[in-house]
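Results of the structural survey
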Amino acid sequence: MPTAPLSLRGVFTAITTPFTPDASAIDFPRLAAQVQMQAQAGITGIVISGTTGESPTLEHEEYHALAEHCIRLARPAGLLSILGTGSNSTAHAVSMQKFAKEAGADATLSVNPYYNKPTQEGLYRHFMTVADAADIPIMLYNIPGRTGVALTPATIERLAGPSGHPNIRAVKEATGSTDSASEIAMRCPNVALLSGDDTMTLPFMAVGAVGVVSVVSNVLPRKVVSLCETFLGGKISDAQRLHRELFDVCRAMFLETNPIPVKAAMKLIGLDSGSMRLPMTPATTDTIEKVKAALLTAGVPLAAAATAGGGCNKPGCGCGR
């Protein structure tokens, strides 16, 4: 039977996974605070155990515990929960897809199989097998910069177009290409197209996207929500203004490999998401200073600890205090 309608529209925060200071465990109280903050900001949902959540570093038991905890937090807060279930092993992806259904997730995020670089036919068969595994909506995750292979718009049409699988309901498009996004929107008009890059949210919405899976919304959720709502509500000039206000922060989040800069930014504004877990390392001093400058330029107040001993908290001020 086809999956019941589910609106995958708006802002989905690719939530960071907070770790304890020694990175040996997930900090669940801090996770609860992060989810609550997202709910208060009016986002549509959270993406659990994605790239921003340092999914490759999670042990099997941790992945299950993180997913179950986030799903329990999301539902009463009015948030959709989208669980990362991608793998370069089809059998493993099928197993995680079944777990997501059992755990009560609202949908899953399924990334292109990485490293082994399958053909387009291999990608098609992989995702069709995953979609058959459990009756739960799937958001395809097209990010060739991480996986080494891209889903072409033609393959996405086979998967999610009029003759595609009813469980494949959305595409997180992180190619950075408006041509690709345009073609997906044309070929698959009934599929929710979401930007996978914060700097491309407005350009992609201009060609048919209906929201974003966002890294920046870990830091500025209300502003990212406003950007999407104003554009989708037809207030184009307001959306352009918000795009410009967010632009430097969006770029600063990728000065080093995600999620290094976003965790640095969260700490700077008093929303510390804990340590990085190897092989990810903390942000360099240079990155921290550039992230701090971008936040101040955007008018984001820093936490007291971030300005103690030097550095004014006033946006644009060069007083050196």
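Residues numbered from 1 in each chain as written. Predicted model: local features only at pLDDT ≥ 70, side-chain atom pairs only at ≥ 80, totals over all residues. Heavy atoms only, no water.

Quick look at the packing of helix 6 (residues 153–160) against helix 7 (residues 178–187)
The following threshold applies: Fitted lines through C-alpha atoms give the axes, limited to the stretch in contact for helices. The angle between two N-to-C directions lies from 0 to 180 degrees. What counts as a helix is a DSSP run of H or I of at least four residues, what counts as a strand is a run of E of at least two, and both are numbered from the N terminus. Here is the rule for angles: anything less than 35 degrees is roughly parallel, anything more than 145 is roughly antiparallel, 65 through 115 is roughly perpendicular, and the remaining ranges are oblique. Crossing chirality is assigned from the near helix's rotation relative to the far helix, an anticlockwise turn below a right angle marking it left-handed and a clockwise turn marking it right-handed. Whether two residues touch is decided by their heavy atoms; if any such pair falls within 4.5 Å, the residues are in contact. Three categories are distinguished: nonpolar for Ala, Val, Leu, Ile, Met, Phe, Trp, Tyr, Cys and Pro, charged for Asp, Glu, Lys and Arg, and polar for the others, with Gly belonging to the last.
Where helix 6 contacts helix 7, the axes come no closer than 9 Å and their chain directions differ by 30 degrees. Judged on the interaxial angle alone, helix 7 and helix 6 are roughly parallel. Taken as a pair, helix 6 and helix 7 cross one another with a handedness that is right-handed. Between helix 6, through P153, A154, I156 and E157, and helix 7, the contact on the second element is made entirely by S180, E183, I184 and R187. Residue classes in the contact of helix 6 with helix 7 are distributed as four nonpolar, one polar and three charged.

A few points about the packing of helix 1 (residues 28–41) against helix 2 (residues 60–74)
Interhelical geometry of helix 1 versus helix 2 gives an angle of 40 degrees and a closest axis separation of 10 Å. Classed by the angle they form, the pair helix 1 and helix 2 counts as oblique. Once helix 1 is placed against helix 2, the crossing between them reads as right-handed. Contacts between helix 1 and helix 2 pair F28, L31, A32 and V35 from the former with A65, L66, H69, C70 and L73 from the latter. In terms of residue class, the contact of helix 1 with helix 2 is made up of eight nonpolar, one polar and no charged.

Here we look at the pattern of salt bridges
Let me state the cut-off plainly: Salt bridges are defined as contacts in which a side-chain nitrogen from Lys or Arg sits within 4 Å of a carboxyl oxygen from Asp or Glu. Only protein chains enter the calculation, and the probe is 1.4 Å; a residue is then buried if its accessible area is under 20% of its type maximum, exposed if over 50%, and partly exposed in between.
Applying the stated criterion to the full structure yields 13 salt bridges. Measuring nitrogen to oxygen at the nearest pair gives 3.1 Å for the salt bridge that ties K223 to E245. Residue K223 is found in helix 9 (residues 221–232), and its partner E245 is found in helix 10 (residues 236–252); the two are separated by 22 residues along the sequence. The class for K223 is partly exposed, based on a relative accessible area of 23%.

Overview of the environment of V225
The topology assignment puts V225 in helix 9. Look at V225 and you get buried, because its relative accessible area is 8%. Separated by 169 residues in sequence, V225 and P56 place their C-alpha atoms 28 Å apart. Sequence-distant contacts of V225, defined by excluding residues within four places in its chain, comprise V11, A41, G42 and I43.

Notes on the nonpolar core
Going by this rule: The criterion is simple. A nonpolar core is a set of buried Ala, Val, Leu, Ile, Met, Phe, Trp, Tyr and Cys residues joined through side-chain atoms within 4.5 Å.
Core analysis: the largest hydrophobic core is formed by 83 residues, its most contacted members being I46, M253 and L295. Beyond its immediate chain neighbours, meaning those up to four positions away, I46 contacts T13, I15, V35, C70, A74, L79, L80, S81 and I82. Core analysis: the next-biggest nonpolar cluster, separate from the first, contains 18 residues, L8, V47, L80 and A192 among them.

What to know about the pairing of strand 1 (residues 10–14)
Where we set the bar: Paired strands, in this sense, are two strands between which DSSP finds at least two bridges. Seen with its strands pointing away from the viewer, a crossover is right-handed when the path leading from the first strand over the helix to the second is clockwise.
Within strand 1, five of the five residues are buried, leaving the element largely enclosed by the surrounding structure. Both strand 1 and strand 8 (residues 211–214) contribute to a ladder of four bridges, which runs parallel. When the sheet's bridge partners are listed, F12 is paired in strand 8 with V213. Two elements, strand 1 and strand 2 (residues 45–48), share three bridges in a ladder whose sense is parallel. Bridged to F12 within strand 2 is G45. Remark: the strand 1/helix 1/strand 2 crossover connection has right-handed handedness.

Some words on the side chain of T201
Position of T201 among the secondary structure elements: in helix 8 (residues 201–206). Assessed through its relative accessible area of 1%, T201 is described here as buried. Here T201 is in contact with S195, V212, L227 and C228, once residues within four sequence places are set aside.

Quick look at the packing of aromatic side chains
Note the threshold: Stacked, tilted and edge-to-face are the three classes assigned to paired rings of Phe, Tyr and Trp, where Trp is represented by its six-membered ring and a pair needs centres within 6.5 Å; plane angles under 30 degrees give stacked, over 60 edge-to-face, the rest tilted. Distance and angle both matter: a charge sits over a ring if NZ of Lys or CZ of Arg is within 6 Å of the ring centre and within 35 degrees of the ring normal.
Scanning the entire structure with this criterion turns up one aromatic pair. An angle of 50 degrees between the planes, with centres 5.9 Å apart, marks the rings of Y63 and F99 as tilted. Note that Y63 is positioned in helix 2 and F99 in helix 3 (residues 90–103), a separation of 36 residues in sequence. Lying over the aromatic face of Y124, R158 brings its terminal NZ or CZ to 3.7 Å of the ring centre.

Digging into helix 12 (residues 285–297)
Quick reminder of the rule: Working rule for helices: expected span equals 1.5 Å times residues minus one.
Under the 1.5 Å per step criterion, the end-to-end length of helix 12 is 18 Å for 13 residues, consistent within 8% with the ideal 18 Å. Looking one or two places after helix 12, you find G299, whose phi comes out positive at around 80 degrees.

So, the confidence of the model for the chain
To keep it simple, the criterion reads: Looking at any residue, its pLDDT shows the predictor's confidence there, from 0 to 100.
In the predicted model, the chain carries a mean pLDDT of 93, and 94% of its residues have values of at least 70. The model gives residues 309–321 a pLDDT under 50, and that stretch makes 14 contacts with residues more than four places away or in other chains.

Topic: the environment of R146
So the rule is basically this: N or O atoms within 3.5 Å of each other form a polar contact, as long as, within protein, one can give a hydrogen and the other can take it, and as long as residues adjacent in sequence are counted only when both atoms are side-chain atoms.
Assignment of secondary structure puts R146 in helix 5 (residues 144–147). Along the backbone, R146 and V262 are 116 residues apart, and their C-alpha atoms lie at a distance of 18 Å. A distance of 2.9 Å separates the side chain of R146 from the backbone oxygen of N258, its partner in a polar contact.

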